[in-house]
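A structural walkthrough
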Amino acid sequence: MLSDSLTEFHVSPGGSLCGRIRVPGDKSISHRSIMLGSLADGVTRVSGFLQGEDSLATLGAFRAMGVEIEGPHDGRVVIHGVGRKGLKAPAQPLDLGNSGTSMRLLAGLLAGQGLDLVLTGDASLSGRPMRRVTAPLAQMGARVEATDAGTAPLHIRPVEALHGIDFALPVASAQVKSCVLLAGLYADGETCVTEPAPTRDHTERMLQGFGYEVRREGNRICLRGGGRLRACDIDVPADISSAAFFLVGASIAPGSDLLLEHVGMNPTRDGVINILRLMGADIEVSNERSMGGEPVADLRVRHAALHGIHIPEDQVPLAIDEFPALFVAAACAEGETVLTGAEELRVKESDRIQAMADGLQALGIDARPTPDGMIIQGGALHGGEVDSHGDHRIAMSFAMAALRADGGIRIRDCANVNTSFPDFGRLAGEAGLHIVTENG
Ligand code: S3P
């Protein structure tokens, strides 16, 4: 929509981030709560659900397949599960908007349902690679057809049966792993996925929370098809990926002292904390506890002088969504920061290597993109105008950059911030960012 691409952030320079905030619910866990709750026997109650466009796209898809879902009201959702074979073919294609997680996980979950349906998405999602899921699904006997370019729309056709496979992930992707495991719920025999590096394990944890047996041996995860899911209650922690903007903002802005409450601290997601600490950040973790199978903690972050590092490659999958924010931290650090081994950033909601390098250069930073990462020399951030390319995380990262810029930053095409963090402008403003949202 024209008006969407006209949404802009205007952020005045300076300020600091202080106080106590709770960022919205985890996007990955919110998606999975709707998916597994819908397939379960019984009623699943979710609290802390992310009311962002991406997780609402998943919710809408299951409603369109006949699942009765109450809410969301203040993050509370009640899902009346229809059981493993209770979904109905939707009347229309399922439009999943900007959400890669919805499309890739649903491709697997729906491959063995015996339904005929189509998954579509917006321009960004329709350009993202889908062969990474259609290929293993084809090995399982599914018929999930992409375009000749290997992109959405995906047409899922009914098949008699799926069979389990032993699949080695060619890229470290939780979406592909989850896709294959969810298809495996409907396959004969055992389905196993081996990952080249640890990726977020919310699917495995939540399946176990629903009483489904999942076996992990080292980097290999296996389950047997044909079992049932038992409804349960899910408390979704705050999204560490949304907290990341504030971790970076408070680290770079002198005078900051911010408490982030109830943040999900799953060890497959905490790379941003490890990387910022290596750069000299002052982040204190307290009140560590476990909520429904996921570790949670409060994070206190104070301004600190950051220095450049070579980011350890083993941290890349653990911080995969946080690099736009981390690039801003690197721009404000003393010396050089080098990222390698992160080519996946080129196929996210935008090409995040190019989009961030362009924006940082526009703000006066020496940021050199490489095929699989970036080399950034810390320096003085100037004001200017940047394009988010409709990518929520690029928009929020540049908003935080204004805390250290010597002039205002105007960020174009920010409507998609609503996919993961609908309240970003208000919450960031309350914490101390001088941000105004202009709607065309
Ligand atoms: C996600 C997995 C990651 C991540 C995305 C959410 C998930 O994608 O970037 O935002 O919920 O499984 P990849 O699996 O493509 O790395």
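Residues numbered from 1 in each chain as written. Predicted model: local features only at pLDDT ≥ 70, side-chain atom pairs only at ≥ 80, totals over all residues. Heavy atoms only, no water.

**Focus on the state of the cysteines**
Each disulfide is one covalent bond, formed between the sulfur atoms of two cysteines. Following the criterion strictly, the structure yields 1 disulfide and no others. Note on cysteine connectivity: cysteine 192 is disulfide-linked to cysteine 222, with sulfurs 2.2 Å apart. Because the sign of the S-S torsion sets the handedness, a value of about 115° for the bond joining cysteine 192 and cysteine 222 places this disulfide among the right-handed ones. Here cysteine 192, found in strand β13 (residues 190–194), pairs with cysteine 222, found in strand β15 (residues 220–224); they are 30 residues apart in sequence, far enough to count as distant. Like cysteine 222, cysteine 192 is buried. The thiol of cysteine 18 is not disulfide-bonded; the next cysteine sulfur, from cysteine 332, is found 17 Å away. Using a relative accessible area of 34% as the deciding quantity, one classes cysteine 18 as partly exposed. (Disulfide = S-S within 2.5 Å. Helix = DSSP H or I, 4+ residues; strand = E, 2+ residues; numbered from the N terminus. Buried < 20%, exposed > 50% of the residue type's maximum accessible area, 1.4 Å probe, protein only.)

**Concerning the pattern of salt bridges**
All told, the structure shown has 34 salt bridges when counted by the stated rule. Note that glutamate 349 and arginine 128 form a salt bridge whose closest N and O atoms lie 4.0 Å from each other. Here arginine 128 lies in the loop between β7 (117–120) and α5 (131–139) and glutamate 349 lies in the loop between β20 (336–339) and α11 (352–362), a separation of 221 residues in the sequence. Neither glutamate 349 nor arginine 128 differs from the other in exposure class; each is buried. The salt bridge involving glutamate 284 is made with arginine 302; its shortest N-O contact spans 2.8 Å. Remark: arginine 302 occurs in strand β19 (residues 294–302) and glutamate 284 occurs in strand β18 (residues 282–291); sequence separation between them is 18 residues. Connected via shared salt-bridge partners are Arg128, Arg200, Asp321, Glu349, Arg352, Asp391 and Arg393. (Salt bridge = Lys/Arg side-chain N within 4 Å of Asp/Glu carboxyl O.)

**Brief notes about the packing of helix α4 (residues 100–111) against helix α6 (residues 174–184)**
Relative orientation of the contacting elements α4 and α6 amounts to 25°, with a least axis distance of 6 Å. Taken together, the axis directions place α4 and α6 in an arrangement best described as roughly parallel. Judged by the twist between their axes, the crossing of α4 over α6 is right-handed. Residues Gly100, Thr101, Arg104, Leu105, Ala107, Gly108 and Leu109 of α4 form the contact with α6, whose participating residues are Gln175, Ser178, Cys179, Leu182 and Ala183. Here the residues of the contact of α4 with α6 sort into 6 nonpolar, 5 polar and 1 charged. (Axes fitted to C-alpha atoms, helices over the stretch in contact; angles between N-to-C directions. Parallel < 35°, antiparallel > 145°, perpendicular 65-115°, else oblique. Left-handed = near helix turned anticlockwise from the far one by under 90°. Contact = heavy atoms within 4.5 Å. Nonpolar A, V, L, I, M, F, W, Y, C, P; charged D, E, K, R; others polar.)

**Describing the packing of aromatic side chains**
Taken as a whole and judged by the stated rule, the model has 6 aromatic pairs. Summarising the aromatic geometry, the rings of phenylalanine 246 and phenylalanine 421 are spaced 6.1 Å apart at their centres and angled 45° between planes, so their arrangement reads as tilted. Taken together, the positions of phenylalanine 246 in helix α8 (residues 240–252) and phenylalanine 421 in the loop between β24 (409–412) and α13 (424–431) put the pair 175 residues apart, joining distant regions of the chain. Residue phenylalanine 421 is classed as buried on the basis of its relative accessible area of 0%. (Phe/Tyr/Trp six-rings, centres within 6.5 Å; stacked < 30°, edge-to-face > 60°.)

**A short note on the site of the ligand**
If you check the shell around the ligand, you find Ser28, Arg32, Thr101, Arg104, Ser173, Ala174, Gln175, Arg200, Ile320, Asp321 and Lys348 and nothing else. One of the side-chain nitrogen or oxygen atoms of serine 28 is found 2.7 Å away from an oxygen atom of the ligand. At 2.7 Å from an oxygen atom of the ligand is found a side-chain nitrogen or oxygen belonging to serine 173. When residues of the shell around the ligand are traced back to their parent elements, those giving at least two are α2 (27–39), α4 and α6. Here the residues of the shell around the ligand sort into 2 nonpolar, 4 polar and 5 charged. (Near = heavy atom within 4 Å. Polar contact = N/O pair within 3.5 Å; in protein donor to acceptor, adjacent residues only side chain to side chain.)

**What about the sheet that holds strand β22 (residues 373–377)?**
On the basis of which strands lie adjacent, the open sheet formed by 3 strands has the order β20-β22-β21 and antiparallel pairing. With one partner strand each, in any of the chains shown, β20 and β21 (366–370) form the two edges of the open sheet. The sheet shows a mean angle of 10° between the axes of neighbouring strands, direction not considered. In this sheet, β22 lies alongside β20 in antiparallel orientation, the contact comprising 4 bridges. In the strand pairing of β22, glutamate 336 is matched with glutamine 377. (Pairing = 2+ DSSP bridges.)

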